[in-house]
Amino acid sequence: MADPGQPEVVWGVGDASYQAAGQFDGIRTLVDAFYDAMETLPEAKKIREMHPVDLSESRDKLTRFLCGWLGGPRLYREKYGPIAIPRAHAHLDIQEAERDAWLTCMDEALKQVPYEEGFKKYLMTQLFVPAERCRLASQAVRQ
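My aim in this report is to walk through the structure given alongside it, one point at a time.

How each quantity is defined
Residues numbered from 1 in each chain as written. Predicted model: local features only at pLDDT ≥ 70, side-chain atom pairs only at ≥ 80, totals over all residues. Heavy atoms only, no water. Helix = DSSP H or I, 4+ residues; strand = E, 2+ residues; numbered from the N terminus. Contact = heavy atoms within 4.5 Å. Phe/Tyr/Trp six-rings, centres within 6.5 Å; stacked < 30°, edge-to-face > 60°. Buried < 20%, exposed > 50% of the residue type's maximum accessible area, 1.4 Å probe, protein only. Salt bridge = Lys/Arg side-chain N within 4 Å of Asp/Glu carboxyl O.

This next bit is on the side chain of Arg64. Its place among the elements puts Arg64 in helix α4 (residues 56–69). Apart from residues no more than four positions distant in its own chain, Arg64 is found in contact with Leu75, Tyr76, Lys79 and Tyr80.

Per the stated rule, a full pass over the model turns up eight aromatic pairs. Seen in terms of ring centroids, Phe65 and Trp69 are 6.4 Å apart; in terms of plane orientation they differ by 25°. Their pairing is stacked. Of this pair, Phe65 and Trp69 are both found in helix α4, four residues apart, which corresponds to roughly one turn of the helix. For Phe65, a relative accessible area of 18% corresponds to the buried category. Take Trp69: its relative accessible area is 31%, and that puts it in the partly exposed class. Taken together, a centroid distance of 6.2 Å and an interplanar angle of 25° make the contact between Phe119 and Tyr122 stacked. Placement of the pair is Phe119 and Tyr122 together in helix α8 (residues 117–142), with a separation of three residues, close to one helical turn. Given the relative accessible area of 1%, Phe119 is considered buried. For Tyr122, a relative accessible area of 22% corresponds to the partly exposed category. Three or more aromatic residues joined by ring pairs make a cluster, and in this case those are Trp11, Tyr115, Phe119 and Tyr122.

Where side chains of opposite charge bring their charged atoms close, a pairing between them can arise. In total, this model carries 16 salt bridges according to the counting rule given. Note that Lys46 and Glu98 form a salt bridge whose closest N and O atoms lie 3.3 Å from each other. Note that Lys46 is positioned in helix α3 (residues 45–49) and Glu98 in helix α7 (residues 96–110), a separation of 52 residues in sequence. Note on Lys46: relative accessible area 37%, which makes it partly exposed. Judged by its relative accessible area of 9%, Glu98 is buried. Among the ionic pairs, Glu108 bridges to Lys111, the shortest N-O distance being 2.9 Å. One network of salt bridges, in which partners are shared, links Arg28, Asp32, Asp36 and Arg59.

In structure tokens, the structure reads:
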């Protein structure tokens, strides 16, 4: 229950989501847990194979992307330039199983970070959108 003396946080407005995620350091912790899950979950084997052996740059890119996507500084653009997530992933064969494996890794990662439960649910709902767009872009390339 919200503290009656405090205004209710509305994620997705301004930098509220970025703040709820712990800013850069909190997002980096989430991303590290995400890639750790990708390395270990059997259902993530195929999506892990879509990544380079060394995940350092992948971890950096996802951290920077999520910072801006969550309403914080646009760190991805500063370092790597503009990105359209679906187009950037269109060359990969992303089916429903791969989309769901990616979301499972993120769900596992969220278990490792001290975010509010409501924010975790909000984040998973929001992350479905780009995950599905990547799947659709991948399918469009194959038709």
